Amino acid sequence: MTGRYYEEFTVGETIEHGKRRTVSEADNQTFCDMTMNQQPLHLDSEFAADTQFGERLVNGLYTMALAVGLSIPDTTDGTIVANLSYDNVEHPNPVFHGDTLYARSTVTDKRETSDGERGIVEMHVEALKLEDEGEETLVCEFDRTALSLKREHVE
C-alpha cells in the first residue's frame, strides 16, 4: 500500500502527485463509449471544428476521473474505506487529445468519525496540463472527501 492512513494527513499540506498521463484520442473515445456519452463535441471532429474550441474536447468527467486516479497512490491507495463525496467541480479550461495532465491535492480538513475508529479527510484536487516551457494550466478542480482507515485500528 502506498496510501496514507488518517493520522498521516496534515491539514494545509499540498501533495504533488508525480504520475502524469498524456490523454489520447483512444482514451477519450473509450471513456465516452463506456459511459454512453455520445456528445459530438467529444467525438465528431467536423462538429467540433465549428465550435469556439476548433477541435474535439476530452470529456470533462474523464479529466476528473483521471485526476482522482493520479492522486490515489499518494493519498488513499489501500487505506480508504470509501469516497464520500466529490463537490464543487469546475472545468476552467479545456483538455484536448495529446495534452499531458498531472494532479495535486491539498488537505483542507480532517476529523475523526463519531466512533473514533476512522477518519474523514477532505482534499482540494487540481488537475493541470503542461504547456510549453513548463507553464501549467488548471483544467479541473474539485473537493474530494474520503473515509480513511486509522493506522491504530489496522495493526
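Above this text is the structure in question.
Residues numbered from 1 in each chain as written. Predicted model: local features only at pLDDT ≥ 70, side-chain atom pairs only at ≥ 80, totals over all residues. Heavy atoms only, no water.

So what about the nonpolar core? Which residues, and what values?
One finds Val-23, Met-123 and Phe-142 to be the most contacted residues of the largest nonpolar core, which totals 24 residues. The set of elements that each furnish at least two residues to this core consists of α4 (60-75), β4 (100-112), β5 (118-130) and β6 (136-149). Among the elements that take part in this core, α4 stands out by supplying six residues, more than any other. Setting aside anything within four residues of it in sequence, one finds Met-123 in contact with Phe-9, Thr-75, Thr-76, Ser-105, Thr-106, Val-107, Thr-108, Phe-142, Asp-143, Arg-144 and Ala-146. (Core = buried A, V, L, I, M, F, W, Y, C linked by side-chain atoms within 4.5 Å. Buried < 20%, exposed > 50% of the residue type's maximum accessible area, 1.4 Å probe, protein only. Helix = DSSP H or I, 4+ residues; strand = E, 2+ residues; numbered from the N terminus. Contact = heavy atoms within 4.5 Å.)

I'd love a proper account of the pairing of β6, names of residues and values included.
Counting buried positions along β6 gives 10 out of 14 residues, so the element sits mostly inside the fold. Bridging between strand β3 (residues 80-90) and β6 involves seven bridges; their strand directions are antiparallel. When the bridges of β6 are listed, Ser-85 appears paired with Thr-145. Summarising the sheet, β5 and β6 pair through 13 bridges and their orientation is antiparallel. From the neighbouring strand, Met-123 faces β6, where its bridge partner is Arg-144. Here β5 folds back onto β6, and the loop between the two strands holds five residues, one of which, Glu-133, carries a positive phi near 60 degrees. (Pairing = 2+ DSSP bridges.)

Please provide a residue-by-residue account of the pattern of salt bridges, values included.
By the definition in use, this model includes 10 salt bridges. Taking the shortest distance from any N to any O, the salt bridge between Glu-25 and Arg-56 comes out at 2.8 Å. In this pair, Glu-25 is assigned in helix α1 (residues 25-35) and Arg-56 in the loop between α3 (45-49) and α4, connecting sequence segments 31 residues apart. Residue classification places Glu-25 among the partly exposed residues on the basis of a relative accessible area of 43%. For Arg-104, the salt bridge goes to Glu-136, with nearest N and O atoms at 3.2 Å. With Arg-104 in strand β4 and Glu-136 in strand β6, this residue pair connects regions lying 32 residues apart in the sequence. By relative accessible area, which is 17% here, Arg-104 ends up buried. In this structure, a network of salt bridges that share partners links the residues Arg-104, Glu-126 and Glu-136. (Salt bridge = Lys/Arg side-chain N within 4 Å of Asp/Glu carboxyl O.)

Explain the pairing of β4 to me, and be specific about the residues and the numbers.
Looking at chain direction, strand β1 (residues 14-16) and β4 are connected through three bridges and run antiparallel. Residue pairing for β4: Glu-16 is matched across the bridge by Arg-104. With two bridges joining them, strand β2 (residues 21-22) and β4 adopt antiparallel strand pairing. From the neighbouring strand, Arg-21 faces β4, where its bridge partner is Leu-101. Looking at chain direction, β4 and β5 are connected through 11 bridges and run antiparallel. Bridge pairing links Arg-111 to Ile-120 in β5. Linking β4 back to β5 in an antiparallel pair, the connection comprises five residues, with Gly-116 at a positive phi of about 75 degrees.

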